[in-house]
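Geometric and topological summary
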Amino acid sequence: MGEFLNAVSAVFVIFSLMAVGVLLGKLKFMTATEKKFVSRYVINIAVPLNTIVGIQKNLKRSDMLEMGPLLLVPLLTILICLAVSMLVAKALKLPKRRSGVFVALAFLSNTLFIGLPMAQELFGDVSLPYVMIYYMCSTVFTQTVALMLVEHSGEAREEKEKEKKQNLPVSLFTKPPILGIIAAYVLLLLDLRLPRIAMSFMNYVSATVTPLALFYCGFVIYELGKNSLRLERGIPAMLVLRLLFAPLISILVTRALGVSGLPQKVFLIEAALPSVSQITVMAGAYGADEQYAAVGSVLSTIGIFITVPILMVLF
């Protein structure tokens, strides 16, 4: 019962902070301009520093031997979810502008804007290294497979697609969150600890990740509007894959690989999260069904209020 109440409390805090984002939109305190700033600030500045702080505080060089095998958990979970999502999309015979969007929504979880605050609320900062392991795998798939799926569903020009694909490896490994992960693990490998003044500065900045990320999610819900939240064909199947099937696969994979304790719990939560909000942005950029992507993202976010507490009790 204690696990259930903790999970309900964590989800309630998450949704309360998202409600602030909705309120900011209603009061016009946040507009498209502020939304763009929040997204850029969180991804490019706060998250990289948050990663370094979390790993510096919670890991030692000796712990790195444990991290290698743990990478297999998100990798296998994501690959299995990708394969099943593609089969389901084919069985549903979705229109071209929706098929790739459906798969992208179903097989990837929002490990950054929702996953990071959720794990910190449930388990504390000690969970951050395991969140970053999942995020590292998730973001690679987001910037490669998900991007190609949405492009295939869209109506983007071939030249633009070719240019994106050619620059993909370079752009992926120059992204600040990825650079933050690399810097954090290099420091760990070299057994270097940052000066107290640097850690103090990064603590202040990294503390802004959770509220701002959730304000952002709340504003996205406000932008979409409650009247647009319709269960279009494929959305219920996507919600089952994203919120129930993915965490079940995570549990099976962790048990098969002998992963238990805190890493198993963190991976379970990361697998059970809503769809990646970036899919909506991709859909709009490449001429896929942006509305479909937005509805799927928002409904999956609402769905965790029910699924996460239940999963925490069951597993």
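Quick look at the structure, then. None of these values were measured; they are calculated from a predicted model. (Residues numbered from 1 in each chain as written. Predicted model: local features only at pLDDT ≥ 70, side-chain atom pairs only at ≥ 80, totals over all residues. Heavy atoms only, no water.)

Quick notes on the nonpolar core
- Membership of the largest hydrophobic core comes to 99 residues, with the highest contact counts inside it found for Phe107, Met118 and Ile279.
- A total of 13 residues in this core trace back to one element, the largest contributor, which is helix H7 (residues 128-153).
- Residues within four places of Met118 in sequence aside, it is in contact with Ala10, Val11, Ile14, Ile269, Leu273 and Ile304. (Core = buried A, V, L, I, M, F, W, Y, C linked by side-chain atoms within 4.5 Å. Buried < 20%, exposed > 50% of the residue type's maximum accessible area, 1.4 Å probe, protein only. Helix = DSSP H or I, 4+ residues; strand = E, 2+ residues; numbered from the N terminus. Contact = heavy atoms within 4.5 Å.)

A few points about the packing of aromatic side chains
- According to the stated counting rule, one finds 5 aromatic pairs in the structure shown.
- Ring centres of Phe15 and Phe305 lie 5.5 Å apart, and the angle between their planes is 90 degrees; on these two criteria the pair is classed as edge-to-face. With Phe15 in helix H1 (residues 2-26) and Phe305 in helix H15 (residues 290-314), this pair connects stretches of sequence that are 290 residues apart.
- Residues Phe219 and Tyr222 carry aromatic rings whose centres are separated by 5.8 Å and whose planes lie at 35 degrees to one another, so their mutual orientation is tilted. Of this pair, Phe219 and Tyr222 both sit in helix H11 (residues 209-224), 3 residues apart, roughly one helical turn.
- Judged by its relative accessible area of 26%, Tyr222 is partly exposed. (Phe/Tyr/Trp six-rings, centres within 6.5 Å; stacked < 30°, edge-to-face > 60°.)

So, the environment of Phe107
- Mapped onto the secondary structure, Phe107 falls in helix H5 (residues 96-107).
- Linking Phe107 and Leu71, residues 36 residues apart in sequence, is a C-alpha distance of 17 Å.
- Filtering out sequence-adjacent residues up to four positions away, Phe107 remains in contact with Ile78, Cys81, Leu82, Ser85, Phe141, Val145, Ala146, Leu149 and Arg242.

Some thoughts on unusual backbone geometry
- Positive phi is not limited to glycine here, since Lys28 has a value of about 65 degrees.
- Assignment of secondary structure puts Lys28 in the loop between H1 and helix H2 (32-58).
- The class for Lys28 is exposed, based on a relative accessible area of 56%.
- For Asp191, which is not glycine, the phi torsion reads 55 degrees and is therefore positive.
- Among the secondary structure elements, Asp191 is positioned in the loop between helix H9 (176-189) and helix H10 (196-206).
- Of the residues examined, Asp191 reaches a relative accessible area of 41% and is grouped as partly exposed.

Considering empty space enclosed by the protein
- For the coordinates displayed, the defined rule picks out 1 cavity of 30 Å³ or more.
- In this structure, the largest cavity spans a volume of roughly 70 Å³.
- Forming the boundary of the largest cavity are Met18, Asn110, Tyr216, Cys217, Val220, Ile221, Ser277, Ser297, Val298 and Thr301.
- Elements represented by at least two residues in the lining of the largest cavity include exactly H11 and H15.
- Per-element accounting of the lining of the largest cavity gives the leading share, 4 residues, to H11.
- Here the residues of the lining of the largest cavity are counted per class, giving 6 nonpolar, 4 polar and no charged. (1 Å grid on protein atoms, 1.4 Å probe; cavity = no way out; pocket = protein on both sides within 12 Å on 5 of 7 lines; lining within 4 Å. Points joined across faces, edges and corners; volume = space filled by probe spheres on them. Nonpolar A, V, L, I, M, F, W, Y, C, P; charged D, E, K, R; others polar.)

Observations concerning the layout of surface pockets
- As a volume, the second largest pocket reaches approximately 270 Å³.
- Along its surface, the second largest pocket is lined by 13 residues, and Lys35, Glu223, Thr280, Glu290 and Ala294 are the ones closest to its centre.
- Of the residues forming the lining of the second largest pocket, the biggest block, 5 residues, is contributed by H15.

With respect to H2
- Under the 1.5 Å per step criterion, the end-to-end length of H2 is 36 Å for 27 residues, consistent within 8% with the ideal 39 Å.
- In the structure, H2 departs most strongly from a straight axis at Val42, where the bend amounts to approximately 40 degrees. (Expected span 1.5 Å × (residues − 1). Bend = angle between axes of the 7 residues up to and from the residue.)

A word on the packing of H2 against H9
- In contact at an axis separation of 8 Å, H2 and H9 are set at 20 degrees when each is read in the N-to-C sense. Here H2 is positioned roughly parallel relative to H9, judged by the angle of their axes. The element H2 and its partner H9 pack so that their crossing is right-handed. Of the residues in H9, those touching H2 at Ile43, Asn44, Val47, Pro48, Thr51, Ile52, Ile55 and Gln56 are Pro176, Pro177, Gly180, Ile181, Ala183, Ala184, Tyr185, Leu187 and Leu188. (Axes fitted to C-alpha atoms, helices over the stretch in contact; angles between N-to-C directions. Parallel < 35°, antiparallel > 145°, perpendicular 65-115°, else oblique. Left-handed = near helix turned anticlockwise from the far one by under 90°.)

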